[in-house]
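Next come the chains, spelled out residue by residue.
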Amino acid sequence: MSVDTGTAGPAAGRASVLAVDAGNSKTDVAVIGADGSVLGTARGGGFQPPVVGIEAAVDALAVAVAEAARAAGLPARDLVGHVSACLANADLPVEERELAAAVQARGWGRTTDVRNDTFAILRAGLPSGAEPRGVAVVCGAGINCVGLLPDGRTARFPAIGRISGDWGGGSGLAEEALWFAARAEDGRGEPTELVRTLPGHFGLGSMYELIEALHLGHLPYARRHELTPVLFATSAAGDAVARSVVDRLAEEVVALATVALGKLGLLDEEAPVLLGGSVLAARHPQLDDRIAELLAARAPKAVIAVVTAPPVLGAALLGLDRVGADTAAHLRLGAYYA
């Protein structure tokens with residue numbers, strides 16, 4: 001969602017784009033020159049407007065922006081011509097509009113684009129001089145998918161959890177593993193090594209002990225994400241139940257990708273499908289192989305790649321796209337983050 005408030009200040013002539021990639025756990029900010037050079041960077045904390053409110057969340061962004069501006073030797077206000085912000089929790093157009101207005105009100109740049117942070121993964125995974133065209137599936141704590149064409153058309157999903165039809169992500173995988181293990185231990189489900197490996201990860205002897213520890217808060221809620229690698233390890237060791245969960249994730253990734261490709265008319269032509277986020281970037285062989293197998297059957301011309309570049313690069317490239325920077329600027333920026 002874009003906001004434009006008129007004439008840029010004098011600093012905009014020296015710095016072209018303010019790139020922001022704000023996730024739930026951390027924020028990266030970069031001030032980019034018109035030639036694609038990186039003038040200043042900073043890192044801040046997580047961006048969680050649903051928890052703290054929009055203004056408080058943008059206050060946290062402002063700290064990192066001010067630090068990046070100081071590193072660039074520029075004032076924080078009227079810093080750039082354009083702000084390209086890819087933000088976690090900007091899942092719906094109404095949220096993008098609200099966040100774009102809040103960011104624009106800080107006076108960092110003349111124009112502001114706010115997008116969901118998955119777009120940063122997508123743009124970062126494309127070659128620096130390439131047109132913005134393709135689909136990205138991100139699986140970290142949650143799961144999301146977006147697609148983009150050079151003419152600005154997009155494909156996206158609400159991606160706000162089970163009420164919007166989502167399944168997967170590290171948190172969802174951990175909960176699924178716990179569900180199967182609990183039922184296996186008490187006899188309601190089929191046998192699985194997860195009854196041993198999940199509690200064993202925390203030094204506990206049974207699923208009952210693990211359930212009790214989680215329920216009573218002896219193990220913090222946040223530590224459940226540690227069980228996702230345990231699930232993959234148990235699957236790799238040959239456990240049928242764990243393997244079924246991993247295979248289901250592959251199905252979900254491919255379903256998201258093929259629907260997005262179809263919405264953009266890319267199913268019948270060569271197009272990148274970029275995989276990002278901690279779960280997909282971990283390169284689990286079973287998951288990788290199953291995704292490749294399914295995608296080859298449903299979108300045979302899709303070209304799979306795993307994104308390893310930092311998402312702030314994607315936010316910056318989207319900004320350079322918006323201001324009409326030349327290919328040399330895109331390549332210079334990409335080389336900095338290579």
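Now for a quick tour of the structure. (Residues numbered from 1 in each chain as written. Predicted model: local features only at pLDDT ≥ 70, side-chain atom pairs only at ≥ 80, totals over all residues. Heavy atoms only, no water.)

### Some thoughts on the nonpolar core
One finds L198, L249 and L287 to be the most contacted residues of the largest nonpolar core, which totals 51 residues. Among the elements that line this core, the one with the most residues is helix α9 (residues 240-263), at 12 residues. Apart from residues no more than four positions distant in its own chain, L198 is found in contact with A177, L178, A181, M207, L210, L227 and V230. (Core = buried A, V, L, I, M, F, W, Y, C linked by side-chain atoms within 4.5 Å. Buried < 20%, exposed > 50% of the residue type's maximum accessible area, 1.4 Å probe, protein only. Helix = DSSP H or I, 4+ residues; strand = E, 2+ residues; numbered from the N terminus. Contact = heavy atoms within 4.5 Å.)

### So, helix α4 (residues 118-125)
Buried residues dominate α4, accounting for seven of its eight residues. For α4, the set of buried residues is T118, F119, A120, I121, L122, R123 and A124.

### Some remarks on the state of the cysteines
Within the structure shown, the criterion is met by zero disulfides. Summary of cysteine pairing: C86 is not part of a disulfide, and the nearest cysteine sulfur, belonging to C145, is at 15 Å. Relative accessible area serves as the criterion here: at 1%, C86 is assigned to the buried category. C145 forms no disulfide, and the closest cysteine sulfur to it belongs to C139, at a distance of 12 Å. (Disulfide = S-S within 2.5 Å.)

### So, the packing of helix α5 (residues 169-186) against helix α8 (residues 227-236)
Relative orientation of the contacting elements α5 and α8 amounts to 60 degrees, with a least axis distance of 8 Å. If you check the angle between α5 and α8, you find them oblique. Seen along the crossing, α5 lies across α8 with a hand that is left-handed. Facing α5, whose interface residues are G170, L173, A174, A177 and L178, α8 presents L227, T228, L231 and F232. (Axes fitted to C-alpha atoms, helices over the stretch in contact; angles between N-to-C directions. Parallel < 35°, antiparallel > 145°, perpendicular 65-115°, else oblique. Left-handed = near helix turned anticlockwise from the far one by under 90°.)

### A look at the pairing of strand β4 (residues 38-45)
The pairing of strand β3 (residues 26-32) with β4 spans seven bridges and is antiparallel. Each residue of the ladder has a partner; that of I32, found in β4, is V38. Counting the residues between successive antiparallel strands, the hairpin from β3 to β4 contains five residues, one of them, G36, with a positive phi of roughly 90 degrees. (Pairing = 2+ DSSP bridges.)

### Here we look at the side chain of H330
Position of H330 among the secondary structure elements: in helix α13 (residues 327-337). Here D321 takes part through its side chain, which lies 2.8 Å from a polar atom of the side chain of H330. In this structure, H330 is in contact with R123, S128, G129, L317, L320, D321 and A325, ignoring residues within four places of it in sequence. (Polar contact = N/O pair within 3.5 Å; in protein donor to acceptor, adjacent residues only side chain to side chain.)

### Details of the packing of aromatic side chains
Applying the stated criterion across every chain, the model contains two aromatic pairs. Taking 5.1 Å as the distance between ring centres and 85 degrees as the angle between the ring planes, the aromatic pair formed by W179 and F180 counts as edge-to-face. Taking NZ or CZ as reference, K263 lies 4.8 Å from the ring centre of F157, over its face. (Phe/Tyr/Trp six-rings, centres within 6.5 Å; stacked < 30°, edge-to-face > 60°. Lys NZ or Arg CZ within 6 Å of the ring centre and 35° of its normal.)

### A look at unusual backbone geometry
Although it is not a glycine, N89 adopts a positive phi angle of roughly 70 degrees. Position of N89 relative to the elements: it lies in the loop between β5 (80-87) and α3 (93-104). N89 sits in the buried class, given a relative accessible area of 19%. Despite not being glycine, R283 has its phi angle at roughly 60 degrees, a positive value. The topology assignment puts R283 in the loop between α10 (278-281) and α11 (285-298).

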